[in-house]
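# Structural characterization, general
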Amino acid sequence: MTQRLDWIEAILEQTAQRAEANTAAIDGNRVAIEANRVANAQLRSTVNSLVQVVEIHQLNHEATQPNFEGIVTELRKIRSEIRELRTESQRILEHLFGRQENGE
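The text that follows walks through the structure, step by step, so that each part is easy to find. All figures in this text were calculated on a predicted structure; none of them were measured in a lab. (Residues numbered from 1 in each chain as written. Predicted model: local features only at pLDDT ≥ 70, side-chain atom pairs only at ≥ 80, totals over all residues. Heavy atoms only, no water.)

### Examining the overall build of the protein chain
Scanning the protein chain from terminus to terminus reveals one helix and zero strands. Taking 104 residues into account, the globule formula puts the C-alpha radius of gyration at 13 Å, and the protein chain, at 42 Å, lies well above it. Principal axes of the C-alpha set define a box for the protein chain whose edges measure 140 × 35 × 15 Å. Every one of the 104 residues in the protein chain was classed for burial, and the buried ones make up 0%. Counting only carbon and sulfur atoms, one obtains 57% of the accessible surface of the protein chain, whose full area is about 9,800 Å². In the protein chain, which carries 12 positive and 16 negative side-chain charges, the distance between the mean positions of the two groups comes to 5 Å. (Helix = DSSP H or I, 4+ residues; strand = E, 2+ residues; numbered from the N terminus. Rg over C-alpha atoms; globule rule 2.2 N^0.38 Å. Buried < 20%, exposed > 50% of the residue type's maximum accessible area, 1.4 Å probe, protein only. Areas by Shrake-Rupley, 256 points an atom, 1.4 Å probe, with all protein chains shown as cover. Lys, Arg positive; Asp, Glu negative; His and termini not counted. Charge placed at Lys NZ, Arg CZ, Asp CG, Glu CD.)

### Digging into the pattern of salt bridges
The final tally for this structure, using the stated rule, is three salt bridges. Residue Arg37 pairs with Glu34 through a salt bridge whose shortest N-O separation is 2.6 Å. With a gap of three residues between them, Arg37 and Glu34 both fall in helix α1 (residues 2-103), about one helical turn apart. (Salt bridge = Lys/Arg side-chain N within 4 Å of Asp/Glu carboxyl O.)

### Comments concerning a nonpolar patch on the surface
Taken together, the side chains of Met1, Leu5, Trp7, Ile8, Ile11 and Leu12 define a hydrophobic patch exposed on the protein surface, amounting to about 660 Å² of accessible area. Topologically, Met1 is positioned in the segment before α1. (Patch = residues over 30% accessible without salt bridge, like charges linked within 9 Å, V, L, I, M, F, W, Y side chains within 5 Å.)

### Digging into a positive patch on the surface
Residues Arg76, Arg79, Arg83 and Arg86 make up a contiguous surface patch of positive charge. Here Arg86 lies in helix α1. Look at Arg86 and you get exposed, because its relative accessible area is 61%.

Take a look at the structure:
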């Protein structure tokens, strides 16, 4: 009978130790859960801020896109005019130098 009581006491002691360990783990989990809750709130706030920034950039892009397209069109016109001026300048130089060579 004493052996059986010793065995029961050992089991009760192990159970008490496990209960203490579980209580400590639960407390640790509570701390971790609270830290995760705070981190999630911060993450949610950061994501909301980033979404606002993206929306502002999208609006700016939509506002500036027509201006950009207009600038590109204007640059193409200027490039074309420069080509025409080069061609005309080349023709004039050839005409002038051709005349000087013939006149000399």
